[in-house]
Amino acid sequence: RKEVEQDPGPFNVPEGATVAFNCTYSNSASQSFFWYRQDCRKEPKLLMSVYSSGNEDGRFTAQLNRASQYISLLIRDSKLSDSATYLCVVNYGGSQGNLIFGKGTKLSVKP
Amino acid sequence: DTGVSQDPRHKITKRGQNVTFRCDPISEHNRLYWYRQTLGQGPEFLTYFQNEAQLEKSRLLSDRFSAERPKGSFSTLEIQRTEQGDSAMYLCASSLVESSYEQYFGPGTRLTVT
């Protein structure tokens, strides 16, 4: 079983749609959780951190459910520029500095 | 440009040859990471350094792979006796220790082994 699992998509949505991505992780020792964004043929970039209390950044809302080992990302009023691959990421914390990435979910926003 | 830089951006090599990639992190970042990404997959961790010390290596890092960060600044990743399965994008990232979750990635080196 993969440590971080995501629906690979692609998700094809019209502009203005609301889209939700889900992710599950297998290691209950995971400490920190993030969403990274990767544009086609570009490097990944941090989109937002994910907290148990949930957090919102403009049109983006991230949620964490530690009991279910489940992470979500909601994008409201999607824009053409949101088209990218969204990577679910966990970190075990402590001395383990590496990030563990899911395969990514591809989003394509159409006019 | 003060971001992470990698050189070369592309490398085509024949099976069995050795290749070396370089990464220059953001200057104040003391952590440096190497990842490998293949098509349709997320980046997979290979190894990371804190200053010049190599603190962790993935099981993915076979004995043909070696990484160094001799002065705690730039890093090199060498692959000996390349195999076709080594073809991938090799990504370098850097961070501060206290915010190691926020890793800044370089543009990557795309390796093609023929």
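We now turn to the structure provided with this report.

Further remarks concern the overall build of chain B. For chain B, the count of helices and strands is 0 helices and 11 strands. Mapped from its N terminus to its C terminus, chain B presents α and β elements in the order β-β-β-β-β-β-β-β-β-β-β. Taking 13 Å as the expected radius of gyration for a compact globule of 114 residues, we find that chain B reaches 13 Å, a close match to that expectation. In terms of principal-axis extent, the alpha carbons of chain B reach across some 40 × 25 × 25 Å. Across the 114 residues of chain B, 46% fall into the buried class.

Residue and element names in this part refer to chain A. Pairing is antiparallel in the open sheet, where 5 strands are placed in the order β1-β3-β8-β7-β6. Each edge of the sheet is formed by a strand with only one pairing partner; in this case those strands are β1 (4-6) and β6 (55-57). Going across the sheet, the axis of each strand differs from the next one's by a mean of 20 degrees, ignoring polarity. Bridging between strand β3 (residues 19-25) and strand β8 (residues 70-75) involves 6 bridges; their strand directions are antiparallel. The residue of β8 that forms the bridge with F21 is L73.

For the rest of this paragraph, the subject is the state of the cysteines. Residue and element names in this part refer to chain B. For the structure shown, the criterion picks out 2 disulfides over all chains. Residue pairing for C23: its cysteine sulfur links by disulfide to C92, the two sulfurs lying 1.8 Å apart. On the sign convention where negative means left-handed, the S-S torsion of about -70 degrees between C23 and C92 marks this disulfide as left-handed. On the criterion of sequence distance, the pair formed by C23 in strand β3 (residues 19-24) and C92 in strand β9 (residues 88-95) is long-range, its members being 69 residues apart.

Our focus in this paragraph is the packing of aromatic side chains. Considering all chains together, one arrives at 13 aromatic pairs over all chains under this definition. Ring geometry for Y36 of chain A against F101 of chain A: centres 5.6 Å apart, planes inclined by 70 degrees, an arrangement best described as edge-to-face. Here Y36 of chain A, found in strand β4 (residues 32-38), pairs with F101 of chain A, found in strand β10 (residues 96-101); they are 65 residues apart in sequence, far enough to count as distant. Here Y36 of chain A and F101 of chain A have matching classes, each one buried. With 6.2 Å between their ring centres and 55 degrees between their planes, F45 of chain B and Y48 of chain B make a pair best called tilted. Take F45 of chain B and Y48 of chain B: they sit in the same class, and that class is buried. By the ring-pair criterion, three or more aromatic residues cluster together here, those being Y36 and F101 of chain A together with Y33, Y35, F45, Y48 and F105 of chain B. In this structure, R22 of chain B packs its charged tip against the face of F74 of chain B, placed 3.9 Å from the ring centre.

Here we come to the interface of chain A and chain B. Chain A puts 18 residues into the contact, and the matching count from chain B is 19 residues. Both sides of the chain A and chain B interface together cover about 1,500 Å² of buried area, and 50% of this is carbon and sulfur. Counting every contact that joins chain A to chain B gives 0 salt bridges. There are 3 residue pairs in polar contact (both at pLDDT 80 or more) connecting chain A and chain B. Elements with a minimum of two residues in the side of chain A that touches chain B: β4, β5 (44-50) and β10 of chain A. Of all the elements, β10 of chain A adds the most residues to the side of chain A that touches chain B, at 5 residues. Along the lines of polarity and charge, the residues of the side of chain A that touches chain B split into 7 nonpolar, 8 polar and 3 charged.

Reading the values: the criteria
- All residue numbers refer to position in the chain's written sequence, counted from 1.
- Ligands are numbered from 1 and chains lettered from A, in the order in which they are written.
- Only residues with pLDDT of 70 or above have their local features reported here, since the model is predicted, and side-chain atom pairs are shown and tallied only from 80 upward, although totals for entire chains, interfaces and linings are computed over all residues.
- Calculated side-chain values reflect all of the structure's heavy atoms, with hydrogen atoms and water omitted.
- Here a strand is any run of E in DSSP of at least two residues, a helix any run of H or I of at least four, and the numbering for each starts at the N terminus.
- Taken over C-alpha atoms, the radius of gyration is set against a globule rule of 2.2 Å times the number of residues to the power 0.38.
- Partly exposed describes any residue whose relative accessible area lies between the buried limit of under 20% and the exposed limit of over 50%, with all areas from a 1.4 Å probe on protein chains only and scaled to the type maximum.
- In this scheme, strands are said to pair when DSSP sees at least two bridges between them.
- Geometry is summarised by axes, namely lines fitted to C-alpha atoms with helices restricted to the contacting stretch, and by angles between N-to-C directions that run from 0 to 180 degrees.
- The definition used for a disulfide is geometric: two cysteine sulfur atoms within 2.5 Å.
- Stacked, tilted and edge-to-face pairs are distinguished by plane angle, under 30 degrees for stacked and over 60 for edge-to-face with tilted covering the rest, among Phe, Tyr and Trp rings (Trp via its six-membered ring) whose centres lie within 6.5 Å.
- A ring has a charge above it when a Lys NZ or an Arg CZ is no more than 6 Å from the ring centre and no more than 35 degrees off the ring normal.
- Any two residues whose heavy atoms approach within 4.5 Å at even a single point are treated as in contact.
- The quantity reported as buried area is the accessible area (1.4 Å probe) lost by two parts once they are put together, taken as the sum for both.
- Definition used for salt bridges: Asp or Glu carboxyl oxygen within 4 Å of a side-chain nitrogen of Lys or Arg.
- In protein, a polar contact means a hydrogen-donor-capable atom and an acceptor-capable atom, both N or O and within 3.5 Å, with residues adjacent in sequence counting only if both atoms are side-chain atoms; elsewhere, any N or O pair within 3.5 Å suffices.
- For this classification, the nonpolar set comprises Ala, Val, Leu, Ile, Met, Phe, Trp, Tyr, Cys and Pro, the charged set comprises Asp, Glu, Lys and Arg, and every other residue, Gly included, is treated as polar.

Such coordinate-based values are descriptive only and should not be taken to indicate function.
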